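Structural overview for review
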Amino acid sequence: MNIQHAFQEAINNNDTVNFNFLLSNHKKDIDFSYWNNHAIRLVSSCGYLDIFKVLIKDNKVDPTLCTQFCIRGAFKYSHYEIAKQLLKFKKVDPTILNNICINYSVDNNNIKMVELLLNERQISEKEGYIKALTKSYVLNNNKKMFELLFKNLNKSIKYDISELFDFAMKNQDFYLINKIFSCKIVNTSNVNNKFKCTISL
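Treat the numbers as computed from the prediction; the structure is a model and nothing was measured.

Definitions and cut-offs
- Residues numbered from 1 in each chain as written.
- Predicted model: local features only at pLDDT ≥ 70, side-chain atom pairs only at ≥ 80, totals over all residues.
- Heavy atoms only, no water.
- Helix = DSSP H or I, 4+ residues; strand = E, 2+ residues; numbered from the N terminus.
- Rg over C-alpha atoms; globule rule 2.2 N^0.38 Å.
- Buried < 20%, exposed > 50% of the residue type's maximum accessible area, 1.4 Å probe, protein only.
- Lys, Arg positive; Asp, Glu negative; His and termini not counted.
- Charge placed at Lys NZ, Arg CZ, Asp CG, Glu CD.
- Contact = heavy atoms within 4.5 Å.
- Phe/Tyr/Trp six-rings, centres within 6.5 Å; stacked < 30°, edge-to-face > 60°.
- Lys NZ or Arg CZ within 6 Å of the ring centre and 35° of its normal.
- Axes fitted to C-alpha atoms, helices over the stretch in contact; angles between N-to-C directions.
- Parallel < 35°, antiparallel > 145°, perpendicular 65-115°, else oblique.
- Core = buried A, V, L, I, M, F, W, Y, C linked by side-chain atoms within 4.5 Å.
- Polar contact = N/O pair within 3.5 Å; in protein donor to acceptor, adjacent residues only side chain to side chain.

**Notes on the overall build of the protein chain**
Check the secondary structure of the protein chain and you find 12 helices and three strands. Taking 2.2 N^0.38 as the reference for a compact globule, 201 residues should give roughly 17 Å; the C-alpha atoms of the protein chain span a radius of gyration of 21 Å, well beyond that estimate. For the protein chain, the proportion of its 201 residues judged to be buried stands at 47%. Of the side chains in the protein chain, 27 bear a positive and 19 a negative charge, and the two mean positions are spaced by 5 Å.

**Here we look at the side chain of Ser200**
Mapped onto the elements of the fold, Ser200 is located in strand E3 (residues 194–200). Setting aside anything within four residues of it in sequence, one finds Ser200 in contact with Ile157, Lys158, Cys183, Lys184 and Ile185.

**Comments concerning the packing of aromatic side chains**
Counted by the stated rule, this structure contains nine aromatic pairs. Plain terms: the ring middles of Tyr137 and Tyr175 are 5.8 Å apart, the flat faces sit at 15° to each other, and that makes the pair stacked. In this pair, Tyr137 is assigned in helix H9 (residues 129–138) and Tyr175 in helix H12 (residues 174–181), connecting sequence segments 38 residues apart. We classify Tyr137 as buried; its relative accessible area is 4%. For Tyr175, a relative accessible area of 25% gives the class partly exposed. Measuring from ring centre to ring centre gives 5.6 Å for Phe146 and Phe150, while their planes differ by 45°; the resulting arrangement is tilted. In this pair, Phe146 and Phe150 both sit in helix H10 (residues 143–151), four residues apart, roughly one turn of the helix. A network of ring pairs unites the aromatic residues Tyr137, Phe146, Phe150, Phe167 and Tyr175 as a single cluster. Taking the ring centre of Phe69 as reference, the NZ or CZ of Arg41 above it sits at 5.6 Å. Its guanidinium or amino end placed over the ring of Tyr80, Lys112 lies 4.4 Å from that ring's centre, counting from NZ or CZ.

**A few points about helix H8 (residues 111–120)**
The set of residues buried in H8 consists of Met113, Val114, Leu116, Leu117 and Leu118. On its buried face, H8 sits against helix H5 (65–76), helix H6 (80–86), helix H7 (96–107), H9 and H10.

**Observations concerning the packing of H7 against H9**
Two quantities define a packed helix pair, namely the angle between the axes and the distance from one axis to the other. Taken N-terminus to C-terminus, the directions of H7 and H9 make an angle of 5°; their axes are 9 Å apart at the nearest point. As far as their axial angle goes, H9 and H7 are roughly parallel. Contacts between H7 and H9 involve Asn99, Ile102, Asn103, Val106 and Asp107 on the former and, on the latter, Tyr129, Lys131, Ala132, Lys135 and Ser136.

**Remarks on the environment of Phe69**
As for its placement among the helices and strands, Phe69 is situated in helix H5. Beyond its immediate chain neighbours, meaning those up to four positions away, Phe69 contacts Arg41 and Ser45.

**A closer look at the nonpolar core**
Nonpolar side chains in soluble globular proteins tend to be buried together. Among the nonpolar cores identified, the biggest contains 62 residues, and Phe7, Leu55, Phe75, Leu86, Leu149 and Ile199 are the most heavily contacted of them. Apart from residues lying up to four places away in sequence, Leu86 is in contact with Ser44, Phe52, Ile56, Pro63, Cys70, Ile71, Ala74 and Val92.

**A look at the environment of Asn2**
Here Asn2 is to be found in the segment before helix H1 (3–12). Sequence separation between Asn2 and Ile30 is 28 residues; the distance between their C-alpha atoms is 9.9 Å. At 2.9 Å, the side chain of Asn2 and the backbone nitrogen of His5 are in polar contact.

**As for the environment of Phe75**
Here Phe75 lies in helix H5. Exposure remark for Phe75: the relative accessible area of 0% places this residue in the buried category. Here the alpha-carbon distance between Phe75 and Ser45, two residues 30 residues apart in the chain, equals 8.3 Å. Those residues in contact with Phe75 that sit more than four places away from it in its chain are Ala83, Leu87, Cys101, Tyr104, Ser105, Asn108, Met113, Leu116 and Leu117.

Put into structure tokens, the structure is as follows:
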């Protein structure tokens, strides 16, 4: 029997019985980082929390490989506990690929994952944050999520929220208009019936 392959098969099937048996009896024959850290990447995306907790403790395991695959998978499929554990590692970057993790959470309309990310990291200065902010309101109509994202805007940055402002003006959304004009600095324009806006808190 090829121990490494048996170990991988146990992980693929979330078979904790065989996983623990192989660890107890053949640990010296097992490489947790085998095949470019395939194991930790798989369990992070699939949500196999029990196996994840074992793998992540091994020094050979690198959860940042393959363009931060682990954190991307955890947020894409809303695996809260795995995402929380991954965010403890400083080298894990949830803002990879234009803040993809916050955008996954907004796409999933999952405010718990949004709260987790905002509590653990400062991400609002990164590209892609305004896209998530806009989607939370325009696509999800989730005011609670929108307020949370808006509150976390960085006060030292000028943001282009033209898409959001254009939506507010064309839909006469007074809640959103009032929210935008509550900012410290607001610059607006209208070119060919296309509204533009930048804000600073």
